[in-house]
Amino acid sequence: MKATYALYTDPESAKQAIVALKEMGVAQSDIVIMSPEPLEAYEFDPSEQETSMRWVAVLGGGIGCVFGASLPSLTQLLWPLNTGGMPIVSIWPNLIITFEMTMLGAIVATVISLVRAARLGRRLPEFYDPQVSDNKILVGIANPSDAQLPDVEQALRGGELKTIP
Amino acid sequence: MNLATDSRITADLLRPLLGTSGKYYVTVGLLGAVTLMGLVAWGYQMYYGIGLTGLNSPVFWGFYLINFVFWIGISHAGTLISAILRLIDAPWRRPVTRCAEAITAFALVIGGTLPLIHLGRPWLFFYLIPFPDGRGLWPNFRSPLMWDFFAINTYLLASTLFLFLPMIPDFALIRDRATGIRRTIYGALSVGWRGTPKQWHRLESAMQIMAIAIIPVAVSVHTIVSFDFAMAVVPMWHSTVFGPYFVAGAIFSGIAGLIIAMAILRRVLRLEQYLTALHFQKLGQLLLLMSLLWGYFVFSERLTIWYGNDNHEMPVFWATFTGEYAPFFWVMVACNFVLPLILLSNQKLRTISGCVVASCGVVLGMWLERFLIVVPSLSYRQLPYTWGSYMPGWPEIAVMVSTFAAMALLYTLFVKFIPIISIWEFKDGTHPGPEPRPIAEPRTLPARGAEAAGEAL
């Protein structure tokens, strides 16, 4: 994999480089950005601000709710143990199990959607620089064409320029 | 963002991971020995039977379940406080959250073990797990112990994930500095984290959603623990106020536990620049608020029982008010109400030392409260001919002491391998936003350990 990127020590310069790359026609999705902190106020990639995670959590909660209601109720119906003359399916105690399973479903669904959306659990890709952990911000593009290269280097000039040959 | 300041923060917060002193090994050895003592006592009890304990008829619940309720209460500080502070975006939360969340995870593990010890035959624990066993029987979902199983396990899983997720960027930071086996381990733990805008945004979104979900779970856990008592027709247990009373008490003791842990970490890990007087001031105010709330619940509970003058409840009431358990009761009131009121209501006394002293009192007071809930009510059941008393056996005392040692041991090991303050969150909190707001001068932090910033782990 080929890549050209620069490391910046301040977010303003990184933002300028991103703007310069966009102005030369590079799509936002082709710009690779990595930072040691969220720095969301700088909106390095505004397209990433939309997420359906909360709906996934609601869906997970719904599945948990159905499971939590079914487990005790069906169990009580399949193995009916009459205790003290109480109804076989006890609504109030079952509500407690249902509640816990609902919340568990929402939490587990949130974590699964995080892993999927943030592409976690994969090997560290080749296009990475450990200096990001030294408080540098990486801005670059993968596989730039030879024609693009001079313009890309010009756009990234504010930082410490690096290439992956 | 300032490179020098950020490097200093990284160096300071990674310092405990870089070097290990002889004192550390001695501490781990001592705590490990005391923890082992508890495990040996448990093994001895399993071999010779639960008759070694002081449990008897009518006092079937003793130290094990007192400590179970106590530790579940302590666990409430962490995730609940962290979640609330995250949701309201309190800027002072950043150095506090991980300390708090770790308390929750460890206290839940310790608390969850105690009912197993109380079982006497812990290998029958699987009876609680909802699957049809060989006899075709399922657990009784009407039993509060089943509710405990679901609530505590949900809370434990949720709290562990809530603790783990914000650690991922810090694991990546350590991975990039580590070599050899450490690099492999931290590389696996960082699950391919790179720090792209998408990853940051999704992580923060996930933390927000989990914070919203985990608050009702935390409240439900201690409510359900209170149901273990309130569902029984036992004098002074069968009360509708027990749910909120237990939740308030749990948060109260949890905050106290958090203050003590923070004070120890601050001193031992030299984190004075990070865990400042401000954090203790804020937590001290919360502790005072919870103290007043706790006092309100105790007053409501006691007044209602006294006014009702029920024949079955009054022997317990008087035993704890003026009788054989009265010294415990009044020490509890002094520790949970009088001491915090004196130390925390006055700005001059609400220092770090003042908060720690008040917190130590609260931890003692809340342990006594759990004792006073469990033992007197079982000692004075409805019929006087069943009345009895309780004195813990040596395995119960050994196990209780070892739970405190185990908590300290787990925490000691935790801070050795994981930064106790979330590095990325702390750095994020020190930076202002972009223009038009002017970029502020970086906070001056001591250069201690800065040279270690680039040092390989």
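Residues numbered from 1 in each chain as written. Chains lettered and ligands numbered in written order. Predicted model: local features only at pLDDT ≥ 70, side-chain atom pairs only at ≥ 80, totals over all residues.

## Side note on the overall build of chain A
Phase 1: Within chain A one finds 4 helices and 4 strands.
Phase 2: Reading the helices (α) and strands (β) of chain A from amino to carboxyl end gives β-α-β-α-α-β-α-β.
Phase 3: For chain A, the spread of C-alpha atoms along the principal axes amounts to about 85 × 30 × 30 Å.
Phase 4: A buried classification covers 41% of the 165 residues belonging to chain A.
Phase 5: Across chain A, every contact between residues at least 6 apart in sequence was considered, and the portion connecting residues at least 24 apart equals 81%. (Helix = DSSP H or I, 4+ residues; strand = E, 2+ residues; numbered from the N terminus. Buried ≥ 20, exposed ≤ 12 C-beta atoms within 10 Å, placed from the backbone. Contact = placed C-beta atoms within 7 Å.)

## Here we look at the overall build of chain B
Phase 1: A tally of regular secondary structure across chain B gives 15 helices and 0 strands.
Phase 2: By the compact-globule yardstick of 23 Å for 457 residues, chain B fits well, its C-alpha radius of gyration being 24 Å.
Phase 3: With the C-alpha coordinates of chain B rotated into their principal frame, the extents come out at 75 × 55 × 40 Å.
Phase 4: Counting over 457 residues, chain B shows a buried share of 48%.
Phase 5: Here the contacts in chain B between residues at least 6 apart in sequence split such that 81% fall between residues at least 24 apart. (Rg over C-alpha atoms; globule rule 2.2 N^0.38 Å.)

## Section: the sheet that holds strand 4 (residues 160–164) of chain A
All names here are of chain A.
Phase 1: As summarised here, the arrangement of the 4 strands in space is 2-3-1-4, forming an open sheet in which the pairing is antiparallel. If you trace the sheet from one side to the other, it starts and ends with strand 2 (31–34) and strand 4, each paired once. In this sheet, neighbouring strand axes are inclined to one another by 20° on average, regardless of whether the strands run parallel or antiparallel.
Phase 2: Relative to strand 3 (residues 137–142), strand 1 (residues 3–8) is paired through 6 bridges, and the arrangement is antiparallel. The residue bridging Leu7 from the neighbouring strand is Leu138, located in strand 3. (Pairing = 2+ DSSP bridges. Axes fitted to C-alpha atoms, helices over the stretch in contact; angles between N-to-C directions.)

## Points about the confidence of the model for chain B
All names here are of chain B.
Phase 1: When pLDDT is averaged across chain B, the result is 90; 92% of the residues are at 70 or more.
Phase 2: Predicted confidence for residues 437–456 stays below pLDDT 50, and this span has 30 contacts to residues more than four positions away or in other chains.
Phase 3: Reported confidence for the predicted complex is 0.92 by ipTM and 0.90 by pTM. (pLDDT = per-residue confidence, 0-100.)

## Comments concerning the interface of chain A and chain B
Phase 1: In this complex, chain A contributes 53 residues to the contact, which on the side of chain B involves 50 residues.
Phase 2: Sorting the residues of the side of chain A that touches chain B by element identifies helix 1 (11–23), strand 2, helix 2 (53–78) and helix 3 (91–117) of chain A as the ones contributing at least two each.
Phase 3: With 14 residues, the top contributor of residues to the side of chain A that touches chain B is helix 3 of chain A.
Phase 4: When its residues are assigned to classes, the side of chain A that touches chain B shows 30 nonpolar, 13 polar and 10 charged. (Nonpolar A, V, L, I, M, F, W, Y, C, P; charged D, E, K, R; others polar.)

## Quick look at the packing of helix 8 (residues 197–230) of chain B against helix 9 (residues 242–268) of chain B
Residue and element names in this part refer to chain B.
Phase 1: Running from N to C, helix 8 and helix 9 point in directions that differ by 125°, and their axes come no closer than 8 Å. By the angle between their axes, helix 8 is oblique relative to helix 9. The two elements helix 8 and helix 9 cross, and the hand of that crossing is right-handed. For the pair formed by helix 8 and helix 9, the contact residues are Val219, His222, Thr223, Val225, Ser226, Phe229 and Ala230 on the first element and Phe242, Gly243, Tyr245, Phe246, Val247 and Ala250 on the second.
Phase 2: Each residue belonging to the contact of helix 8 with helix 9 can be placed in one class, and the counts come to 9 nonpolar, 4 polar and no charged. (Parallel < 35°, antiparallel > 145°, perpendicular 65-115°, else oblique. Left-handed = near helix turned anticlockwise from the far one by under 90°.)

## Digging into helix 10 (residues 277–308) of chain B
Residue and element names in this part refer to chain B.
Phase 1: Here helix 10 spans 46 Å end to end across 32 residues, near enough to the 46 Å set by a 1.5 Å rise per residue.
Phase 2: Listed as buried for helix 10 are His279, Phe280, Leu283, Gly284, Leu287, Met290, Ser291 and Trp294.
Phase 3: Structurally, helix 10 contributes buried residues whose contacts are with helix 9, helix 12 (326–344) and helix 13 (352–379).
Phase 4: One or two residues past the end of helix 10 sits Asn309, with phi positive at roughly 55°. (Expected span 1.5 Å × (residues − 1).)

## Some thoughts on the packing of helix 3 of chain A against helix 8 of chain B
Phase 1: With their axes 10 Å apart at the nearest point, helix 3 of chain A and helix 8 of chain B run at an angle of 160° to one another. The pairing of helix 3 of chain A with helix 8 of chain B is recorded here as roughly antiparallel in orientation. Considering only the axes of helix 3 of chain A and helix 8 of chain B, their crossing is left-handed. Contacts between helix 3 of chain A and helix 8 of chain B involve A:Ile96, A:Phe99, A:Glu100, A:Met103, A:Ala106, A:Ile107, A:Thr110, A:Val111, A:Leu114 and A:Ala117 on the former and, on the latter, B:Arg202, B:Leu203, B:Ala206, B:Ile209, B:Met210, B:Ala213, B:Pro216, B:Val217, B:Ser220 and B:Ile224.
Phase 2: Looking at the contact of helix 3 of chain A with helix 8 of chain B, its residues break down into 16 nonpolar, 2 polar and 2 charged.

## Here we look at the nonpolar core
Residue and element names in this part refer to chain B.
Phase 1: Cys99, Ile103, Ile255, Leu258 and Ile259 are the most contacted members of the largest nonpolar core, which has 147 residues in total.
Phase 2: Considering every element that reaches this core, the biggest residue donor is helix 8, with 16 residues.
Phase 3: With residues near it in sequence (within four places) discarded, Leu258 still touches Ala77, Gly78, Ile81, Cys99, Ala100, Ile103 and Leu283. (Core = buried A, V, L, I, M, F, W, Y, C linked by C-beta atoms within 7 Å.)

## Topic: unusual backbone geometry
Phase 1: That bond from B:Ser57 to B:Pro58 is cis: its omega, 20°, falls within 30 degrees of zero.
Phase 2: In this fold, B:Pro58 is placed in the loop between helix 2 (22–48) and helix 3 (63–87).
Phase 3: Positive phi is not limited to glycine here, since A:Asn143 has a value of about 50°.
Phase 4: Looking at the element boundaries, A:Asn143 is found in the loop between strand 3 and helix 4 (149–155).
Phase 5: On the basis of neighbour counts, which here come to 12 C-beta atoms within 10 Å, the residue A:Asn143 falls in the exposed class.

## Overview of the environment of B:Leu14
Residues and elements named next belong to chain B.
Phase 1: Inspection of the secondary structure assignment puts Leu14 in helix 1 (residues 3–18).
Phase 2: Judged by local crowding, Leu14 falls into the buried class, with 20 C-beta atoms found within 10 Å.
Phase 3: Sequence-wise, Leu14 and Phe426 are 412 residues apart; in three dimensions their C-alpha atoms are separated by 13 Å.

## A short note on the environment of B:Asn140
All names here are of chain B.
Phase 1: Its place among the elements puts Asn140 in the loop between helix 4 (97–119) and helix 5 (144–164).
Phase 2: Overall, the presence of 17 C-beta atoms within 10 Å leaves Asn140 in the partly exposed class.
Phase 3: Measuring from C-alpha to C-alpha, the distance between Asn140 and Leu128 comes to 8.5 Å, with 12 residues separating the pair along the chain.

## Quick word on the pairing of strand 1 of chain A
All names here are of chain A.
Phase 1: Among the 6 residues in strand 1, 6 count as buried, and that is most of the element.
Phase 2: Here strand 1 shows two buried faces, one formed by Ala3, Tyr5 and Leu7 and the other by Thr4, Ala6 and Tyr8.
Phase 3: As paired elements, strand 1 and strand 4 share 5 bridges and run antiparallel to each other. Following the sheet pairing, Thr4 is matched in strand 4 by Thr163.

## Section: the confidence of the model for chain A
Phase 1: Across chain A, the average pLDDT comes to 89, with 100% of residues at 70 or higher.
Phase 2: Mean pLDDT values for the elements of chain A range from 84 in strand 4 of chain A up to 95 in helix 3 of chain A.

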